[in-house]
Amino acid sequence: MAKNIAVIGTGYVGLVSSVGLSDFGNYVTGVDVNPEIVEKLNRGVPTIYELGLEDYLKRNLESGRLTFTTDIDTAIQQAEIVFLAVGTPQSESGEADLSQVEQVVGSIARNLNGFKVVVCKSTVPVGTNRWVKRRLEELSGKSANQPDPAFAVVSNPEFLREGKAVQDFFHPDRLVLGYEAPKAREYMEDVYRVLNLIHVPIVWCGLETAELIKYASNAFLATKITFINQMAVLAEAAGADIHVIARSMGMDGRISPKFLHPGPGYGGSCFPKDTHALVSTGASYGVEMSLVREVIAANRQMKAHVVDRLLKMTGGPGSLQGKVVAVLGLAFKAETDDVRESPAITIVQRLLEEGATVQTHDPEALANFKALFGDTLQYHEHEFDAIKGADVLLIVTEWNEYRNLDLERAKNEMRGNVIMDARNVLEPEKARSLGFNYRGIGR
Ligand code: NAD
Ligand code: UGA
C-alpha cells in the first residue's frame, strides 16, 4: 500500500528520492530548511542539474502526490515514514559532521505522534542508526522495543551517482536495508514494491552491516580509481599505455573494466569525505585503516601530478608565470554542476599560485565555481572564448563536448601549443599531428 512519506533534505539525494518515491505511488513531502529551494521545487524548477529530473519533478507535482515545504513539524506529523537525506559533510577533524542529522532527530522526537519508521539515507558512520534510536527514545520518552514499538529505525544507504542519479534511483544495482523491527521491514517492502517487482536485489541486514556496506563500497571504488591513477603515472614513465592496460585488466571478470579510468584524482561530495570518515571510524574502534589512508594521500598527490606534469611541458618551475591557461571543465565529473572537492579547485588554485591567468569553461558548473573563486578567474559560456589567446589548454572534466573539440580551430586561436589532457578525452595522434605538444595521463 502507498505510504505517506516525509523526506528531510532536498539536495541531490533527497530531491531525487522525493521524486522517485512519489513516482512509485507514495505521497511525499520534501522538506528543506532553505525556502528558496522549496519555492523553486514547488514551481517544478529543479535546484540541481540532473538528467531527466525536471520531467519527473513536474509529473509528480501535477499528480498531487509530491509537494515541498519548510514546515518540518507538520511534514513529520503527517508521515508514516521519515527519510533523512541531509548532508553529512567532513568535519575539520576528518570524521562525518552529524549536526544536520542531530537536528532532524530532534524534530522527529518532537513530532512522534504515532508509529513512524525513521529511515537514514544520509551516509552515516557505523553506529549512527543505533544512536538515532537511543536519542529518539531519550528525547521522546517513547520506546522502540518489541512487541509494540513507538517507532523503528532503518538504515537505507544510497548508492546513486551524480549525473546518473535518476537512472540509478529507478534501476539500482541493489537496495540495502538494515533493520531490526519486523514492522519496519513490512513498511519498507511497501515503499520499494516497484523495485522488488523489477527484481532489484534487496539486502536485508542489521543496522551496522548496512552502514558499513556504504563506506566499504565508496572506499573500494576510491581505491580502484587511485590504483589505476598510480599505474598511469608508472605507465607514462615507462612508455606504456594505461588504456590498453586498464582494458586488459578489465577483461578479467574478477576485476571488471569499470572505475579504471585514469584522471586528475577522484573528487565529489562523497569519496573524499567518506574515505576520511572511514579512517576516523577505524581509529575509534582501534583499527588502523592504513590502505584507505594511503588512498587519500595518493589521490592528493594525483591532483598535484597534473600541474607538475604541465610545468615539465612548459619549461619547469616558474614557467607558468604570466601564461594564459584555458581550463576546460570545472565540475568534479561530467554531467553535473557539482564542484564539491572537484580536482579543478586544487588545480586552478595551483595555477594561480604559479602566476598564470586562468580562463575557464564548463557547460554547467560555472556559477558554482565562481562562488568559490570570484573575480580571480575568467568564466566563459563558450569553450572557444576560454581557449582564445591561451598558451596552454588543460582539460579537467570529461564532458562529451570536449571529446570532439575542433583542434584545428584551437590551434589557430591559441597563442601557445601545449595541451594537458587530464581525462584522456582527445586523440593524441591527431593533436600531435596538428603541432600540439600533447600529454594525457598515462600514455
Ligand atoms: P546536499 O548538501 O546536496 O543536500 C542536503 C540538503 O539538506 C540541503 O538542501 C540542505 O538545505 C538540507 N538541510 C540541511 N539541514 C536540514 C534540516 N535540518 N532540515 C531540512 N533540510 C535540511 O547533500 P546530498 O549530496 O544530497 O547528500 C546527502 C547525504 O546523502 C549525504 O550523507 C551524502 O553523503 C549522501 N549521499 C550523497 C550522494 C550524492 O551523489 N550526492 C550519493 C549517495 C549518498
Ligand atoms: C559516488 C559513487 O559512485 C556512488 O555509488 C555513491 O552513491 C556516491 O559516490 C556517494 O556516496 O555519494 P559520485 O561521487 O556521484 O558517486 O561520482 P562517481 O561517478 O563515483 O565519481 C567520483 C569521482 O571519481 C569523480 O571525480 C570521477 O571523475 C572519478 N572517477 C570515477 C575517476 O577518476 N575514474 C573512474 O574510473 C571513475
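Please read all numbers here as calculations on a predicted model, not as lab measurements.

Quick notes on unusual backbone geometry
For step 1, the next point in the chain: Along the chain, Q146 connects to P147 via a cis peptide bond; the corresponding omega equals 5°.
For step 2, the next point in the chain: The residue P147 is located in the loop between α6 (128-140) and β6 (151-155) in this model.
For step 3, the next point in the chain: One non-glycine residue, H199, adopts positive backbone phi at about 65°.
For step 4, the next point in the chain: When you line up the elements, H199 lands in the loop between α9 (193-197) and β8 (202-205).
For step 5, the next point in the chain: On the accessibility criterion, H199 (69% relative accessible area) is exposed.
For step 6, the next point in the chain: One non-glycine residue, S256, adopts positive backbone phi at about 70°.
For step 7, the next point in the chain: Position of S256 among the secondary structure elements: in the loop between α11 (242-250) and α12 (271-284).

What about the packing of aromatic side chains?
For step 1, the next point in the chain: Inspection of every chain in the model, using the stated rule, returns nine aromatic pairs.
For step 2, the next point in the chain: Relative to F170, the ring of F24 lies with its centre 5.7 Å away and its plane at 85°, an arrangement referred to as edge-to-face. You can see F24 sitting in the loop between α1 (12-23) and β2 (27-31) and its partner F170 sitting in helix α7 (residues 165-170), a full 146 residues away along the chain. You'll find F24 and F170 in the same group, each marked buried.
For step 3, the next point in the chain: Relative to F271, the ring of Y266 has its centre 5.9 Å away and its plane inclined at 85°; by these criteria the two rings are edge-to-face.
For step 4, the next point in the chain: Since its relative accessible area comes to 5%, Y266 is described here as buried.

Regarding the domain arrangement of the protein chain
For step 1, the next point in the chain: What the domain assignment reports for the protein chain is domain 1 (4-205) and domain 2 (207-443).
For step 2, the next point in the chain: Computed over C-alpha atoms, the centres of domain 1 and domain 2 are 33 Å apart.
For step 3, the next point in the chain: Each partner contributes to the interface: domain 1 provides 35 residues, whereas domain 2 provides 28 residues.
For step 4, the next point in the chain: When domain 1 packs against domain 2, close to 2,600 Å² is buried across both sides, 57% of that on carbon and sulfur atoms.
For step 5, the next point in the chain: By the criterion of area lost to domain 2, the three top residues of domain 1 are Y49, V126 and E162, representing 29% of everything that side buries.
For step 6, the next point in the chain: Between domain 1 and domain 2 we count two salt bridges in total.
For step 7, the next point in the chain: R340 is the salt-bridge partner of E162, the closest N and O atoms lying 3.7 Å from each other.
For step 8, the next point in the chain: Residues of the side of domain 1 that touches domain 2, tallied by class, amount to 17 nonpolar, eleven polar and seven charged.

Quick look at the pattern of salt bridges
For step 1, the next point in the chain: Scanning the model with the defined rule gives 24 salt bridges in all.
For step 2, the next point in the chain: The partner of D73 in a salt bridge is R110, and the shortest N-O contact between them spans 3.3 Å. Highlighted residues: D73 in helix α4 (residues 72-78) and R110 in helix α5 (residues 99-110), separated in sequence by 37 residues.
For step 3, the next point in the chain: In this structure D73 comes out as partly exposed when scored by relative accessible area, which is 27%.
For step 4, the next point in the chain: Residue R110 is classed as exposed on the basis of its relative accessible area of 57%.
For step 5, the next point in the chain: Here R254 makes a salt bridge to D252, at a shortest N to O gap of 2.8 Å.
For step 6, the next point in the chain: Residue D252 is classed as partly exposed on the basis of its relative accessible area of 25%.
For step 7, the next point in the chain: The structure contains a network of salt bridges with shared partners spanning R130, K133, E180 and E208.

The rules behind each value
- Residues numbered from 1 in each chain as written.
- Chains lettered and ligands numbered in written order.
- Predicted model: local features only at pLDDT ≥ 70, side-chain atom pairs only at ≥ 80, totals over all residues.
- Heavy atoms only, no water.
- Helix = DSSP H or I, 4+ residues; strand = E, 2+ residues; numbered from the N terminus.
- Buried < 20%, exposed > 50% of the residue type's maximum accessible area, 1.4 Å probe, protein only.
- Phe/Tyr/Trp six-rings, centres within 6.5 Å; stacked < 30°, edge-to-face > 60°.
- Domains from an automatic or database assignment.
- Contact = heavy atoms within 4.5 Å.
- Buried area = accessible area lost by both parts, 1.4 Å probe.
- Salt bridge = Lys/Arg side-chain N within 4 Å of Asp/Glu carboxyl O.
- Nonpolar A, V, L, I, M, F, W, Y, C, P; charged D, E, K, R; others polar.

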